[in-house]
Amino acid sequence: MKFKSTADLKVSKRIIDQVIGQEDAVEIVKKASTQRRHVLLIGEPGTGKSMLGMALAELLPKENLVDILAFPNPNDENQPLIRTVPAGEGREIVARARLHSNEMFKNQNILVFILAIASVAIPWVLRGYYLKLDGNIIAANIMFSALFLGGMVFVGAFLFFISFGKRMDGKAKVPRIIVDNFNQEKVPFFDATGAHAGALLGDVLHDPFQSGGLGTPAHERVVAGMIHKTNMGVLFIDEIATLHPATQQELLSSLQERKFAITGQSERSAGAMVRTEPVPCDFILVAAGNMETVKHMHPALRSRIRGYGYEVFMKDTMEDTEDNRQKIAMFVAQEVTKDKKIPHFSYDAVDQIIDEARRRANRKGHLTLRLRELGGLIRAAGDIAKEENAKLAEREHILKAKKIARTLEQQIADKYIERKKEYEVIKTTGRVVGRVNGLAIIGGEEAQSGIILPIEAQVTPGGKESEIIATGKLGEIAKEAIKNVSAIIKKYFGQDIKEELDIYVQFIQTYEGVEGDSASIAVATAVISAFKDVPVNQDTAMTGSLSVRGEVLPIGGVSSKVEAAIEAGLKKVIVPRANLKDVIVAPDRLERISIVPVDNIAEVLREALYWKGKEKILAMIQGA
């Protein structure tokens with residue numbers, strides 16, 4: 001794809017064409033729109049699940065949309081009647097009902113006028129009569145005032161009851177539109193993520209004046225839920241497993257019956273006495289979440305989706321090919337077009353975004369599809385370019401954006417490294433026996449940052465029940481990885497340390513805990529250093545998993561870990577050879593550190609330990 005800037009790229013107006021890298025999911029959504037099938041999308045955040053839901057709504061025809069009205073039930077006021085009419089006709093029906101209600105009271109205006117005239121005329125006539133009768137003007141005026149005020153009070157009370165009766169009678173006879181599709185150009189799409197039961201399933205409002213004839217009629221208090229408002233449309237629910245099990249069960253009922261009666265969702269509310277006739281809710285459900293969602297989702301609800309629809313596992317990376325790099329370029333153009341406040345990106349800037357997509361993939365030969373975070377970087381770079389009055393966003397704007405738009409994890413990691421270096425918890429110079437700079441990451445895959453993980457080991461004579469003691473809030477995998485170190489030592493030195501020695505391993509100040517086995521080679525190096533009294537170069541950091549045969553296996557987050565080593569001022573970092581292509585760091589930063597790929601623990605020990613005067617031990621290790 002040849003272009004000078006993303007302004008040269010034509011962005012499709014169809015949402016389905018804007019979905020990047022999810023070809024399988026796009027095909028299923030197209031089938032679901034044709035056959036009206038439900039879809040369950042499982043994957044990492046930011047991979048396009050909500051966009052697919054909107055795309056499905058865009059593909060559906062709109063000719064079957066209807067308005068839904070609630071009518072009073074003359075036989076049972078607590079069971080309002082439900083009727084559907086073609087979209088747009090609901091407002092006409094309500095307007096005609098109001099007009100008819102007003103006509104019933106038009107003759108009452110004449111009666112009110114007559115009473116008002118009489119309330120003035122009658123007191124005046126009686127005043128003249130009493131004045132002629134005894135000539136006492138004071139008594140006549142008192143009589144006039146009393147009768148006039150009494151007449152005004154009577155007329156006022158009459159007006160109030162007429163007006164109140166008119167209002168109440170009008171409400172009782174005029175239907176209420178609970179789903180209005182007037183002038184709706186597309187089928188409805190509602191994002192019900194996090195919605196409470198009332199908002200999702202409908203509700204009946206509480207009426208404090210329920211008794212004494214002062215209350216609002218039941219049909220006037222009916223509120224449609226999102227399942228009803230999306231009738232013939234699409235209902236999108238992310239993290240669907242967070243819904244209460246009872247709500248999931250009722251959602252299942254609405255899917256099965258394609259209609260669901262509205263009732264009060266609170267047992268303490270007067271609205272709980274009201275239950276409408278079944279209300280149409282023939283919607284397509286697009287449910288989303290991650291693998292934890294599958295574990296906690298109502299099994300019957302998932303079965304319904306699986307039996308009458310599709311399940312899709314969203315990809316979080318795509319292969320680093322020319323076609324897919326073009327898709328990232330198109331994604332940049334889409335983000336600029338959607339934002340409408342930032343300039344377009346130059347070719348070099350797009351190339352930098354592609355590099356960032358490689359780095360965030362955490363997988364060699366792939367590009368990330370967690371595009372929401374990548375979009376945040378694009379907007380941050382665009383904001384900087386806009387602030388500098390640049391016509392195009394360039395590569396340097398992206399580099400600046402990476403500094404100012406750092407994730408919380410990156411900011412925490414910076415503070416972590418700064419404080420640990422200040423108090424010499426992290427050492428970057430000299431040589432120390434039994435002390436190794438390991439590497440770890442904080443945060444999930446969508447937002448992670450590397451940190452330095454100091455590890456110390458001490459080997460002491462053991463008794464009959466020697467043991468390996470590790471501290472630092474270790475997870476199960478981390479504990480098991482430490483136990484495997486004894487197999488490595490027995491292989492290289494012919495000693496079973498579990499029978500002869502006690503081994504103490506400390507992950508220094510790891511208040512957040514340690515999960516996984518990516519610190520295995522660091523633990524093995526620290527233990528062997530302490531066991532053979534060989535110092536470790538403190539300007540070196542390392543990461544890698546370790547098999548019981550001494551092979552160094554690949555790990556995740558290698559780019560973030562290398563960046564942490566650079567930030568800490570280390571000179572060398574040891575990584576598994578299989579991860580070498582996964583290291584995606586800016587060239588100017590890579591110049592500050594030496595990356596050493598290794599295949600086995602012998603190579604790790606050769607690079608990390610200071611062997612002067614201990615060459616025989618090194619030869620023993622290399623010859624094993």
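Residues numbered from 1 in each chain as written. Predicted model: local features only at pLDDT ≥ 70, side-chain atom pairs only at ≥ 80, totals over all residues. Heavy atoms only, no water.

Novice: I'm lost on the overall build of the chain in this one. Help?
Specialist: The helix and strand inventory of the chain stands at 23 helices and 25 strands. Burial status across the chain gives 48% buried among its 624 residues. Contacts spanning at least 24 positions in sequence make up 74% of the contacts within the chain whose residues lie at least 6 apart. Here the chain displays about 31,400 Å² of accessible surface, and carbon together with sulfur accounts for 53% of that area. (Helix = DSSP H or I, 4+ residues; strand = E, 2+ residues; numbered from the N terminus. Buried < 20%, exposed > 50% of the residue type's maximum accessible area, 1.4 Å probe, protein only. Contact = heavy atoms within 4.5 Å. Areas by Shrake-Rupley, 256 points an atom, 1.4 Å probe, with all protein chains shown as cover.)

Novice: Hey, could you run me through the environment of Ile284 in this one?
Specialist: Mapping Ile284 onto the fold places it in strand β11 (residues 284–289). Residues Ile284 and Leu56, spaced 228 residues apart in sequence, show a C-alpha to C-alpha distance of 9.0 Å. Those residues within four positions of Ile284 in sequence are excluded, and the remaining contacts are Ala32, Arg36, Arg37, His38, Leu56, Leu60, Gly233, Val234 and Leu235.

Novice: Please explain the packing of aromatic side chains as it appears in this structure.
Specialist: Where two aromatic rings form a pair, the distance of their centres and the angle of their planes describe that pair. Summed over all chains, the structure comprises two aromatic pairs. Here the basic side chain of Arg304 rests over the ring of Tyr308, its NZ or CZ set 3.9 Å away from the ring centre. In this arrangement the basic side chain of Arg431 is found over the ring face of Tyr610, its NZ or CZ atom lying 3.8 Å from the centre. (Phe/Tyr/Trp six-rings, centres within 6.5 Å; stacked < 30°, edge-to-face > 60°. Lys NZ or Arg CZ within 6 Å of the ring centre and 35° of its normal.)

Novice: Please clarify how the sheet that holds strand β8 (residues 234–237) should be interpreted in this entry.
Specialist: Hydrogen bonding along the main chain pairs the strands of a sheet, whether they run parallel or antiparallel. Strand order in the open sheet made by the five strands is β5-β8-β11-β1-β12, with parallel pairing throughout. Edge strands, defined here as strands with exactly one partner in the open sheet, are β5 (189–191) and β12 (309–313). This sheet shows a mean twist of 15° between the axes of neighbouring strands, independent of strand direction. In this sheet, β11 lies alongside strand β1 (residues 38–42) in parallel orientation, the contact comprising four bridges. Residue pairing for β11: Ile42 is matched across the bridge by Gly289. Where helix α1 (residues 23–35) meets the sheet, it contacts β1, β11 and β12, and its direction lies at approximately 165° from that of β12. Helix α10 (residues 299–307) contacts β1, β11 and β12 of the sheet and is inclined by roughly 105° relative to β12. (Pairing = 2+ DSSP bridges. Axes fitted to C-alpha atoms, helices over the stretch in contact; angles between N-to-C directions.)

Novice: So what exactly am I meant to see when it comes to the nonpolar core here?
Specialist: Within soluble globular proteins, side chains that are nonpolar generally end up buried alongside one another. With 45 residues, the main nonpolar core has Ile455, Val527 and Ile601 as its most contacted residues. Secondary-structure elements contributing two or more residues to this core are β16 (435–442), β17 (449–461), α17 (485–493), β19 (501–507), α19 (520–532), β25 (594–598), α22 (601–608) and α23 (615–623). In terms of residue count, α19 provides more of this core than any other element does, nine residues in total. In contact with Val527, other than residues within four places in its own chain, are Ala457, Val459, Val485, Ile489, Ile503 and Val505. (Core = buried A, V, L, I, M, F, W, Y, C linked by side-chain atoms within 4.5 Å.)

Novice: Where do I start with the environment of Pro454 in this structure?
Specialist: Take Pro454: it is sitting in strand β17. A relative accessible area of 1% places Pro454 in the buried class. Pro454 sits 68 residues away from Ala522 along the chain, and the two C-alpha atoms are 9.1 Å apart.

Novice: Got a minute to help me understand helix α12 (residues 347–361) in this structure?
Specialist: For α12, with 15 residues, the first-to-last C-alpha span of 21 Å sits near the 21 Å given by 1.5 Å per residue. Turning to α12, its buried residues number three or more, namely Ala349, Val350, Gln352, Ile353, Ile354, Glu356, Ala357, Arg358, Arg359 and Ala361. Close packing links the buried residues of α12 with β13 (317–319), α11 (322–339), β14 (366–368), α13 (371–387), α14 (395–404) and α20 (558–568). Positive phi shows up at Asn362, right after α12, with a value of about 55°. (Expected span 1.5 Å × (residues − 1).)

Novice: Sorry if this is basic, but what is going on with α19 here?
Specialist: Side chains of residues three or four places apart in an α-helix project in the same direction, reflecting 3.6 residues per turn. Look at α19: 18 Å from first C-alpha to last across 13 residues, which is about the 18 Å you get at 1.5 Å a residue. In terms of residue burial, α19 counts as a mostly covered element, since 12 of its 13 residues are buried. Along α19, the positions that sit buried rather than exposed are Ser520, Ile521, Ala522, Val523, Ala524, Thr525, Ala526, Val527, Ile528, Ser529, Ala530 and Phe531. The positive-phi residue at the C-terminal boundary of α19 is Asp533, with phi of around 55°.

Novice: I keep staring at the packing of helix α8 (residues 245–257) against α10 and nothing clicks. Help me out?
Specialist: For any two helices packed against each other, one specifies the inter-axial angle together with the distance between the axes. As a packed pair, α8 and α10 sit with axes 9 Å apart at the nearest point and diverge in direction by 30°. The orientation of α8 relative to α10 falls into the category roughly parallel. Crossing hand, α8 versus α10: left-handed. Contacts between α8 and α10 involve Gln248, Leu251, Leu252, Leu255 and Gln256 from the first element and Ala300, Leu301 and Arg304 from the second. Looking at the contact of α8 with α10 residue by residue, the class counts come to five nonpolar, two polar and one charged. (Parallel < 35°, antiparallel > 145°, perpendicular 65-115°, else oblique. Left-handed = near helix turned anticlockwise from the far one by under 90°. Nonpolar A, V, L, I, M, F, W, Y, C, P; charged D, E, K, R; others polar.)

Novice: I keep staring at the sheet that holds β19 and nothing clicks. Help me out?
Specialist: Taking strand neighbours across the sheet as the criterion, the seven strands line up as β18-β19-β17-β16-β21-β24-β25 in an open arrangement whose pairing is mixed. The two strands at the open ends of the sheet, each matched to only one other strand, are β18 (468–471) and β25. The sheet shows a mean angle of 30° between the axes of neighbouring strands, direction not considered. Sheet topology note: the β17/β19 ladder contains seven bridges and is antiparallel. Its bridge partner being in β19, Pro461 is matched across the sheet by Leu501.

Novice: Mind showing me how you'd approach the pattern of salt bridges here?
Specialist: When the charged atoms of two side chains with opposite charge come close together, those side chains can pair. Across all of its chains, the model carries 26 salt bridges by this definition. Where Arg91 meets Asp180, a salt bridge forms, and the shortest distance between an N and an O atom there is 2.8 Å. In this pair, Arg91 is assigned in helix α3 (residues 89–103) and Asp180 in the loop between β4 (176–179) and β5, connecting sequence segments 89 residues apart. Among the ionic pairs, Asp320 bridges to Arg325, the shortest N-O distance being 2.7 Å. Through salt bridges with shared partners, a single ionic network connects Asp320, Glu322, Arg325, Asp355 and Arg358. (Salt bridge = Lys/Arg side-chain N within 4 Å of Asp/Glu carboxyl O.)

Novice: So what exactly am I meant to see when it comes to the packing of α12 against α14 here?
Specialist: Remark: α12 packs on α14, axes separated minimally by 7 Å, with the N-to-C direction vectors making an angle of 40°. Relative to α14, the element α12 lies oblique. Contacts between α12 and α14 involve Asp348, Ala349, Asp351, Gln352, Ile353, Asp355, Glu356 and Arg359 from the first element and Arg395, Ile398, Leu399 and Lys402 from the second. Of the residues assigned to the contact of α12 with α14, the class counts are four nonpolar, one polar and seven charged.

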